[in-house]
Amino acid sequence: LTNGSGTNRYPLRAGTDGATNSAPLTQAEARAVLEEAFTVMSRARAQIRRPLDSRAQVSISIVDTHGSVLGLVRSPDAPIFGTDVSLQKARTAAFFSGAQAGTELSANASADVRQFVAATRTFLNNPSALTGAISNSGNMAVVLNGGTLNATNSGPVSLASLSASGTSTLGVTINAATNAATVYNVAGAASFASGSQVKVNLTQVGGSAGDYVIVRAGSLSGAPALATSTLLPYLFKGNISGDSNAGTVTLSIAAKSVTELGLTGSLARAYPAIFNALDNDAAVATAYLGISDGTTLATNLRQMLPDHAGGTFEAVTSGSRATARILSDPNGVYRTKDGRLGFWLQQVGFGGAKSVGDTASYDINGWGAGGGVEYLTDLGAFGGSFAYIHASDSGGSSNNAVDSDQYELAAHWRGQWGPLLAFARLSAAHIGFDGTRRFDNGDVTRTANGNWNGKLYSGTAGASYQWQMGRISLRPAIGIDYYRLKEDGYSESGGGDAFNLTVLGRTSDETTASGTVTAGYDFGSLKREDGWVRLELEGGRRQIIGGSLGDTVANFKDGDRFTLVADDRTNGWTGRARLYGGTDTFRVGGEFGAEEQQNHVAISFRATVNFVL
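Source: prediction; values computed, not measured.

Asks: Can you walk me through the overall build of the chain in this structure?
Replies: Helix and strand counts for the chain come out as 9 helices and 30 strands. In terms of C-alpha radius of gyration, the chain reaches 36 Å, well past the compact-globule figure of 25 Å for 613 residues. Across the chain, every contact between residues at least 6 apart in sequence was considered, and the portion connecting residues at least 24 apart equals 64%. When the accessible surface of the chain is summed, it comes to about 28300 Å², and 55% of that surface belongs to carbon and sulfur atoms. Counting 48 positive and 52 negative side-chain charges, the chain places the averaged centre of each group 4 Å from the other.

What follows is the structure, given as structure tokens:
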């Protein structure tokens, strides 16, 4: 069939239904079907042609389970109207024999179409009609010479005989809800050549493990095999055994362990709870049953986990530490000799990351703005500050994310005696967390939203000593800080019963010590009132000396709780570059920092404006 210019309208091609069909037709198989059908046509006699006993002249179409045309051939004198009739008959047969015909018709917007399902099943006295089930087949002698006989019946299928070649596949459906499975009751002989296989379809995840007799025959020769990598859902393992004396073939199925699935860390800890929750949403369960490899399974499982890897802790503490860093700088809050009251404004930015380990990966980034004031007394300068910090913690290897809005109040003291500087700071912050988890698997998508609050408390202290040698300076410094984050529990909504989680509260804390050395150089005038510019380079190390991230405890609806343990946070080197300048009453500056964390480089930026009244 051409388009009038000699180009084939429907060239042969393979099936397009690979996403929903484990064994789509190949181009060679489509050709073989059309050639065999054409041979049958050549032997058939026409009923609308003269003279009688003329050879049939017809159009022959082949489609896949989606109704896509894989090829069309016609004999030289086939009726033109038969082109459309052939194609629509092929599509009609594919649709009405499909496993989803009843479901799709029942969901149609027209009541006239919806009532067709019940009427058809009543008329046929077969509740399995329009589900792809095989019925009224007791006198059928089935010969499989390649391809798949994929029955959706979770019950008996009667056949007169059954013969499967070495390239053939026999489909079996197991319905754990009714504790029923396809069983081919063969009145005569059933034979299976070496290489023949069984394809297992499960209607749900839970309760599917067990032993199932799938063939009962008058006589049995050979038995099919089970290729678990392609013909059994990856979550399960199984084997086939044949008993020629009893004429039976038995299928045994068991759920794989976390070790057999190759799961470790958080995925292994959460897997039993996830497995038990999947049937709460049939579409999510079907999506998991369609997984055929470990990489895809791990990707899907990561989407099921709550925030637990430490990204929220790093995000909120990184922002707080960036705003507090101004106090460790001798030139941080700049004032004249007679100045008592000093102000500053600053903006900060930061980012960090963690790779997949025993827990999930994350990427954090954020920014903040704030300001402070202090008053100089004989005992040192006392002051306070406020900062707003927004951070985003994305899942890295998944679509999960947590945004945080942090409002922090702090009080501080600074003392300076010539080249010696010391400081101390206490802070408290209220944090609102907005979490989103998204499940994506083909056409199945779910989104769960969770909101919770937290409180962040910190204490920081440090000291430094600066040697000034003309334009060059050298400043060693030490510091210690403590952070404690307490997060409330929360329950998600919007994702359905197989995806929403209830998460308990958790508490994380960390104590660190740091040591740095800063080298500086002054440009311009050495008199502050005449204007000056200073460049500083800092290097050192930050060491974690106490604390740990809190465990995350969660459960799905009506499910058992599972506990996720965060990876230990790591120590690392730090480095910063600062450039600032101004006069004796005004100063602007900027800082870029890099810090080794979680085997990645975390970065930070800080811009400040200081003035004295």
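Asks: Mind showing me how you'd approach the sheet that holds strand 26 (residues 552-555) here?
Replies: Strand pairing within a sheet occurs via backbone hydrogen bonds; the two strands may be parallel or antiparallel. Overall, antiparallel pairing links the 4 strands, which are arranged 22-23-26-27 in an open sheet. The outermost strands of the open sheet, each flanked by one partner alone, are strand 22 (490-491) and strand 27 (562-564). As paired elements, strand 26 and strand 27 share 3 bridges and run antiparallel to each other. Across the sheet, residue Ala554 finds its bridge partner in strand 27, namely Phe562.

Asks: Which parts of the structure should I look at to understand the side chain of Gln57?
Replies: Counting through the fold element by element, Gln57 comes out in the loop between helix 1 (27-43) and strand 1 (59-63). Side-chain polar atoms of Gln57 contact the side chain of Ser75, separated by 2.6 Å. Separated by 3.2 Å, the side chain of Gln57 and the backbone nitrogen of Asp77 make a polar contact. In this structure, Gln57 is in contact with Arg49, Ser75, Pro76, Asp77, Ala78 and Pro79, ignoring residues within four places of it in sequence.

Asks: When you look at the packing of aromatic side chains in this model, what are you seeing that I'm missing?
Replies: In this description, an aromatic ring pair is defined by two values, namely the gap between the centres and the angle between the planes. Overall, the coordinates contain 15 aromatic pairs when judged by the stated rule. Taken together, a centroid distance of 6.0 Å and an interplanar angle of 70° make the contact between Phe96 and Phe116 edge-to-face. Taken as a pair, Phe96 in helix 2 (residues 81-96) and Phe116 in helix 4 (residues 111-124) lie far apart in primary sequence, 20 residues in all. Relative to Phe523, the ring of Tyr521 has its centre 4.9 Å away and its plane inclined at 70°; by these criteria the two rings are edge-to-face.

Asks: Before we go on, may I ask you to explain helix 1 in this structure?
Replies: A turn of α-helix holds 3.6 residues, and therefore any two residues three or four places apart point the same way. When the terminal C-alpha atoms of helix 1 are compared, their 25 Å separation across 17 residues agrees well with the 24 Å that a helix rising 1.5 Å per residue should span. Those residues of helix 1 that fall on the buried side of the exposure criterion are Ala30, Leu34 and Met41. Buried residues of helix 1, viewed axially, fall in a sector of 30°; they line one side. Residues of helix 1 that are exposed and point more than 90 degrees away from the buried face comprise Ala28 and Arg43.

Asks: I would appreciate a short explanation of the pattern of salt bridges in the present structure.
Replies: Side-chain pairing between opposite charges can occur once the charged atoms of the two side chains come close. Scanning all chains against the criterion turns up 25 salt bridges. Its salt-bridge partner being Arg325, residue Glu591 comes within 3.3 Å of it at the nearest N-O pair. Placement of the pair is Glu591 in strand 29 (residues 586-597) and Arg325 in the loop between helix 9 (311-324) and strand 14 (341-354), with a sequence separation of 266 residues. Among the residues examined, Glu591 registers a relative accessible area of 5% and is labelled buried.

Asks: Just checking my understanding: could you explain empty space enclosed by the protein for this structure?
Replies: Any empty space left between the atoms is revealed when a probe the size of a water molecule rolls over them. Scanning the entire structure with this criterion turns up 8 cavities of 30 Å³ or more. Estimated volume of the largest cavity: approximately 520 Å³. Every residue lining the largest cavity is counted, 32 residues in all, and those nearest its centre are Arg325, Ser328, Phe423, Ser514 and Arg576. At 7 residues, strand 21 (residues 472-487) tops the list of elements feeding residues into the lining of the largest cavity.

Asks: Sorry if this is basic, but what is going on with the nonpolar core here?
Replies: Here is a general trend for soluble globular proteins: nonpolar side chains tend to be buried in one another's company. Of all hydrophobic cores here, the largest spans 80 residues; its most connected members are Tyr184 and Tyr288. At 8 residues, the largest contribution of residues to this core is made by helix 6 (residues 265-277). Ranked by size, the runner-up nonpolar core spans 7 residues in total, among them Ala309, Ala315, Ile364 and Ile389.

Asks: Looking at this model, I keep getting lost on unusual backbone geometry. Mind explaining?
Replies: Among all residues except glycine, the phi angle is most often negative; among peptide bonds, the trans geometry is most common. With an omega dihedral of -5°, the bond running from Arg50 to Pro51 counts as a cis peptide bond. Examined against the element boundaries, Pro51 turns out to sit in the loop between helix 1 and strand 1. Its identity as a non-glycine residue notwithstanding, Leu130 has a phi of 70°, on the positive side. Mapping Leu130 onto the fold places it in the loop between helix 4 and strand 3 (141-144). Of note, Asn136 is a non-glycine position whose phi angle comes to about 55°, a positive value. Turning to its location among the elements, Asn136 is positioned in the loop between helix 4 and strand 3.

Asks: Would you mind showing me how to read the packing of helix 6 against helix 8 (residues 294-302) here?
Replies: Packed helices, taken two at a time, are described by the angle their axes make and the gap between the axes. For the pair helix 6 and helix 8, interaxial distance at closest approach is 11 Å and the crossing angle is 80°. The angle between helix 6 and helix 8 falls in the class roughly perpendicular. Of the residues in helix 8, those in contact with Leu267, Tyr271 and Ile274 of helix 6 are Ala298, Leu301 and Arg302. Along the lines of polarity and charge, the residues of the contact of helix 6 with helix 8 split into 5 nonpolar, no polar and 1 charged.

Conventions we followed
What you see as residue numbers is a count from 1 along each chain, following the sequence as written. Local features in a predicted model are, by the rule used here, given only for residues with pLDDT of at least 70; side-chain atom pairs are given and counted only at 80 or more, and totals for whole chains, interfaces and linings are based on all residues. As a rule here, side-chain values come from all non-hydrogen atoms in the structure, and water together with hydrogens is ignored. Think of it this way: any DSSP run of H or I at least four residues long counts as a helix, any run of E at least two long counts as a strand, and we number them from the N terminus. The quantity called the radius of gyration is restricted to C-alpha atoms. Its globule counterpart is 2.2 Å times the number of residues to the power 0.38. Residue contacts are defined here by distance: any two heavy atoms, one from each residue, within 4.5 Å place the two residues in contact. Computed by Shrake-Rupley with a 1.4 Å probe, the accessible areas treat only the displayed protein chains as cover when residues are assessed. For the purpose of charge, His is not counted, nor are the chain termini; Lys and Arg are scored as positive and Asp and Glu as negative. A charged residue contributes its charge at one atom only: NZ of Lys, CZ of Arg, CG of Asp or CD of Glu. Pairing between strands requires that DSSP locate at least two bridges from one strand to the other. Counted as a polar contact is a pair of N or O atoms within 3.5 Å, where, for protein atoms, one must be capable of donating a hydrogen and the other of accepting one, and residues adjacent in sequence contribute only when both atoms are in side chains. Only Phe, Tyr and Trp rings take part, Trp by its six-membered ring, and two of them pair if their centres are within 6.5 Å. Stacked means planes under 30 degrees apart, edge-to-face means over 60, and tilted covers everything else. A helix's residues, less one, multiplied by 1.5 Å, set its expected span. Under the scheme applied here, a residue whose accessible area is under 20% of the maximum for its type counts as buried, over 50% as exposed, and between as partly exposed, the area being computed with a 1.4 Å probe on protein chains only. The directions from the helix axis to the C-beta atoms are what the arc is built from. The term salt bridge refers to a pairing of a side-chain nitrogen on Lys or Arg with a carboxyl oxygen on Asp or Glu at a separation within 4 Å. For cavity detection a 1 Å grid was placed over the protein atoms alone, and a set of points counts as a cavity when a 1.4 Å probe fits there but cannot get out; an open set counts as a pocket when protein lies on both sides within 12 Å along at least five of seven lines, with lining residues being those that have an atom within 4 Å of a point. Grid points are joined across faces, edges and corners, and a volume is the space filled by probe spheres set on the points. We call a set of buried Ala, Val, Leu, Ile, Met, Phe, Trp, Tyr and Cys residues a nonpolar core when their side-chain atoms join them within 4.5 Å. Every angle, taken between N-to-C directions, lies between 0 and 180 degrees, and every axis is a line fitted to C-alpha atoms, over only the stretch in contact when it is a helix. Geometric relationships in this document are graded by angle, where less than 35 degrees denotes roughly parallel, more than 145 denotes roughly antiparallel, 65 to 115 denotes roughly perpendicular, and other angles denote oblique. Charged residues are taken to be Asp, Glu, Lys and Arg, nonpolar residues to be Ala, Val, Leu, Ile, Met, Phe, Trp, Tyr, Cys and Pro, and polar residues to be all remaining types, Gly included.

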